[in-house]
Amino acid sequence: MTSPKRTPLVELRDISISFGGIKAVDHVSVDLYPGEVVGLLGHNGAGKSTLIKCLSGAYQADGGEIFINGEKASIQNPRDARNYNIETIYQTLALADNLDAASNLFLGRELMANGLVDDAKMEAETRRIMGRLNPNFRKFNVPVSALSGGQRQSVAIARAVYFNARILIMDEPTAALGPHETQMVAELIRELKAQGLGIFLIEHDIHNVMKLCDRASVMKNGKLIGTVDVKKVTDDDILGMIIMGKKPA
Amino acid sequence: MTDTTLSEQQDGKGGMFTMAALQKVVAFAVLVIMLLFFSIFAPNFAAWNNMVNIMQATAVNGVLGVAVTFVIIAGGIDLAVGTMMTLTAVVAGLVLTNLGLPLPLGIVGALASGGLMGAFSGWTIAKLKIPPFIATLGMMQIARGLALVFSEAKPIYFNSTPSYQYISPESSITLLIPGLEIPNGVFIMFIVAIIASIMLNRTILGRYIFALGSNEEAARLSGMNVDFWKITTYALSGAICGVAGLLVSSRLNSAQPALGLGYELDAIAAAVIGGTSLAGGRGTILGTIIGAFIMSVLTNGLRIMGVQEEWKIVVTGLIIIIAVYVDIVLRKKM
């Protein structure tokens, strides 16, 4: 995976960002290759979400550089990130509650016909992708506030995968889900990985990390403790990194 | 995604915003009941002349209601719609009477000045991060002051522009259907409402207005230029106030610089009675128009029944509270 000849899909180099004097992310470097899942781990407040928000355009780093396919990228806002085919499933899902599933899926990228929004086409497309992701989903004509947690999650996931993302950021995609739904997300991650996407996965469940990720980068207090090949370490090694902040010998 | 969701499945074809539809039905039922009540108990209420009065009164408040509905759905508020209306009327007066320019320029002046003031409010809200309530409270005073300054605190009459009458009180429909003396201003209100409704439901702007009011952060993360769309929303709202300015000054054949205070509350009341949520993200133009009719029927009916004028204010307050309560109850059922 880390052969020096391959160009990483994403390289975050020496990223730093502070809020009111507190270093939320302190000189962190991580990378991601095509067809790879990299887990970002750490306690709450370790800086994982803040780090990936620099990549998704929600925040701008105070220092450091981002490279996409080996070229320096400038990501000033979420629109820039989308132009680099970076899609994000936020922990909060970032859905507009009063709009229906299709309007949320296409928010900011509406399909148009004759200068007006083409709701029929957008709903048809939403039905198509939902048929693949969550065949039980039927609530196409109600505001997403009326959906269950799992249904809302599937709308957020559909939005991220519909637009042919090359880089996917998933911030605790299974936090609100039951075991069956978690299993479906795991299958989706494997499928997307097989298609050659690179995925940053923020995940608390060490079990899921061992199962889904190729590598894991552990953060603590804004700093990177280290990045390990998941196949070469044990659960306890990673837990040690998270809790003690120590790299396995 | 789960099996448990199967039980709550429903093929909701056409069911989007059902609650908003229900609220409109409730508001419309209230309007019909009020019309029936006053027709029976208020002498001459149902006379055609009185209906025309009601429609004319509704035209101004209805258009202002539409203006404020856009802003409220976008998660904001605009307290300046009343005095902005006044200033646009004064601008029309300056252009037509003081400068003696032709009517179309007066109309453009009113719409443009409204749009500019709205854009300024939007700019202070989006860029300076001033809360909408405060920013538009400031604009309310700015517009009120400017209207008095520009007019030297005196009414500006439109006597040199007789065609100005055709904006509101004249009835052009009688040329087509003799005897149907519905004032032009009423048609203008419906035209504004129809265009506004299309904008809200079928254009990008409308979609983004709902998105802003639903979850501004989600809108931002979706790549929307949140500041631009906010400013656009307030500017549009201001321009619609320009339409109201033309209507009110045409009806009075004068721009009255002292008028306008209090109109903003009637406009907000019309929107709220019509089911627009002050929390943002929900509302309809049709609901606001029904709300505006409820307000003017109430005012007119109580006056004819000889109820002391001030009671209308009390009743309006109660209706707003009831309307918001109905909104809360319906939302829980959703």
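Residues numbered from 1 in each chain as written. Chains lettered and ligands numbered in written order. Predicted model: local features only at pLDDT ≥ 70, side-chain atom pairs only at ≥ 80, totals over all residues.

1. Some points on the overall build of chain B
When you go through chain B residue by residue, the secondary structure sums to 13 helices and two strands. Taking 2.2 N^0.38 as the reference for a compact globule, 334 residues should give roughly 20 Å; the C-alpha atoms of chain B span a radius of gyration of 20 Å, in line with that estimate. With respect to the three principal axes, the spread of C-alpha positions in chain B is 75 × 50 × 40 Å. Burial analysis of chain B (334 residues in total) assigns 51% to the buried set. (Helix = DSSP H or I, 4+ residues; strand = E, 2+ residues; numbered from the N terminus. Rg over C-alpha atoms; globule rule 2.2 N^0.38 Å. Buried ≥ 20, exposed ≤ 12 C-beta atoms within 10 Å, placed from the backbone.)

2. Details of the overall build of chain A
Counting its secondary structure elements, chain A contains eight helices and 12 strands. Relative to its length of 249 residues, chain A is compact, with a C-alpha radius of gyration of 18 Å against a globular reference of 18 Å. Counting only C-alpha atoms, chain A reaches 60 × 40 × 40 Å along its principal axes. Residue burial in chain A is summarised as follows: out of 249 residues, 49% are buried. Sequence separation of 24 or more characterises 63% of the internal contacts of chain A that already satisfy a separation of 6 or more. (Contact = placed C-beta atoms within 7 Å.)

3. A word on helix α8 (residues 204-214) of chain B
Most of α8(B) sits out of view: nine of its 11 residues are buried. Residues of α8(B) that are buried include every one of Gly206(B), Arg207(B), Tyr208(B), Ile209(B), Phe210(B), Ala211(B), Leu212(B), Gly213(B) and Ser214(B), and no others. Tucked inside the fold, the buried residues of α8(B) contact α3 (101-105) and β8 (116-117) of chain A together with α2 (48-73), α7 (184-202), α9 (216-221) and α10 (226-252) of chain B.

4. Observations concerning the nonpolar core
Core analysis: the biggest nonpolar cluster contains 169 residues, and Val63(B), Leu64(B), Ala67(B) and Ala244(B) have the highest contact counts within it. For Leu64(B), the contacting residues outside a window of four places in its chain are Val81(B), Gly82(B), Met85(B), Cys241(B), Ala244(B), Tyr263(B) and Ala267(B). (Core = buried A, V, L, I, M, F, W, Y, C linked by C-beta atoms within 7 Å.)

5. Details of the packing of α2(B) against α7(B)
All names here are of chain B. Across the interface, α2 lies against α7 with an axial gap of 8 Å and an inter-helix angle of 25 degrees. One element, α2, and the other, α7, form an angle in the roughly parallel class. Judged by the sense of rotation from one axis to the other, the crossing of α2 with α7 is left-handed. In this structure, α2 contributes Met-55, Gln-56, Thr-58, Ala-59, Gly-62, Val-63 and Val-66 to the contact, and α7 contributes Gly-185, Val-186, Ile-188, Met-189, Val-192, Ala-193 and Ala-196. Within the contact of α2 with α7, the residues separate by chemical class into 10 nonpolar, four polar and no charged. (Axes fitted to C-alpha atoms, helices over the stretch in contact; angles between N-to-C directions. Parallel < 35°, antiparallel > 145°, perpendicular 65-115°, else oblique. Left-handed = near helix turned anticlockwise from the far one by under 90°. Nonpolar A, V, L, I, M, F, W, Y, C, P; charged D, E, K, R; others polar.)

6. Thoughts on the environment of Ile188(B)
Residues and elements named next belong to chain B. Here Ile-188 lies in helix α7. The exposure class assigned to Ile-188 is buried, which follows from the 20 C-beta atoms found within 10 Å. Considering only alpha carbons, one finds Ile-188 and Ala-59, 129 residues apart in sequence, at a separation of 7.8 Å. Here Ile-188 is in contact with Ala-59, Val-243 and Leu-247, once residues within four sequence places are set aside.

7. Concerning the sheet that holds strand β11 (residues 215-220) of chain A
All names here are of chain A. Ordered by their spatial adjacency, six strands build an open sheet running β6-β9-β10-β3-β11-β12, and the pairing between neighbours is mixed. Since the sheet does not close on itself, it has two edges, and those belong to β6 (86-89) and β12 (223-229), each with one partner. Strand-to-strand twist of the sheet, defined as the mean angle between neighbouring strand axes without regard to direction, takes the value 15 degrees. In this sheet, strand β10 (residues 198-202) lies alongside strand β9 (residues 167-171) in parallel orientation, the contact comprising five bridges. (Pairing = 2+ DSSP bridges.)

8. Overview of the pairing of β9(A)
Residue and element names in this part refer to chain A. Of all five residues that make up β9, five are buried, and the element is covered over most of its length. The two faces of β9 match: Ile-167, Ile-169 and Asp-171 on one face and Leu-168 and Met-170 on the other face are all buried. For the handedness criterion, the β-α-β arrangement of β9, helix α6 (residues 179-194) and β10 is classed as right-handed. (Right-handed = clockwise from strand over helix to strand, strands pointing away.)

9. Focus on the sheet that holds strand β4 (residues 63-68) of chain A
In a beta sheet, neighbouring strands are held together by backbone hydrogen bonds and run either parallel or antiparallel to one another. Residue and element names in this part refer to chain A. Strand order in the open sheet made by the four strands is β2-β1-β4-β5, with antiparallel pairing throughout. In the strand order of this sheet, the two ends are held by β2 (22-32) and β5 (71-73), each with one partner. Strand-to-strand twist of the sheet, defined as the mean angle between neighbouring strand axes without regard to direction, takes the value 30 degrees. Bridge count for strand β1 (residues 10-19) against β2 is seven bridges, and the pairing is antiparallel. When the bridges of β2 are listed, Glu-11 appears paired with Asp-31.

10. With respect to the packing of helix α4 (residues 103-126) of chain B against helix α5 (residues 132-151) of chain B
All names here are of chain B. Their axes nearest at 9 Å, the elements α4 and α5 cross at an angle of 145 degrees. Once α4 is placed against α5, the crossing between them reads as right-handed. From α4, Met-117, Phe-120, Ser-121, Thr-124 and Ile-125 reach across to α5, where they touch Pro-132, Ala-135, Thr-136, Met-139 and Ala-143.

11. Topic: unusual backbone geometry
A negative phi holds for most residues other than glycine; trans holds for most peptide bonds. All names here are of chain A. Non-glycine residue Asn-85 carries a positive phi angle of around 60 degrees. Position of Asn-85 among the secondary structure elements: in the loop between α2 (78-83) and β6. On the basis of neighbour count, Asn-85 is assigned to the partly exposed category, with 15 C-beta atoms found within 10 Å. At Asn-114, a position not held by glycine, the phi torsion is positive, near 55 degrees. Secondary-structure assignment places Asn-114 in the loop between β7 (112-113) and β8. For Asn-114, a count of 6 C-beta atoms within 10 Å puts it in the exposed group.

12. Examining the confidence of the model for chain B
Residue and element names in this part refer to chain B. The predicted model of chain B has a mean per-residue pLDDT of 89, with 93% of residues at 70 or higher. Contacts from residues 1-16, a stretch scored under 50 in pLDDT, to residues over four places away or in other chains number 34 contacts. Interface confidence for the predicted complex, expressed as ipTM, amounts to 0.90; the pTM equals 0.90. (pLDDT = per-residue confidence, 0-100.)

13. Re the environment of Lys312(B)
Residues and elements named next belong to chain B. With respect to the helices and strands, the residue Lys-312 is situated in helix α13 (residues 309-333). In this structure the C-alpha to C-alpha distance between Lys-312 and Gly-301, which are 11 residues apart in sequence, comes to 9.6 Å. Residue contacts for Lys-312: discarding those within four places in its chain leaves Leu-298, Thr-299 and Leu-302.

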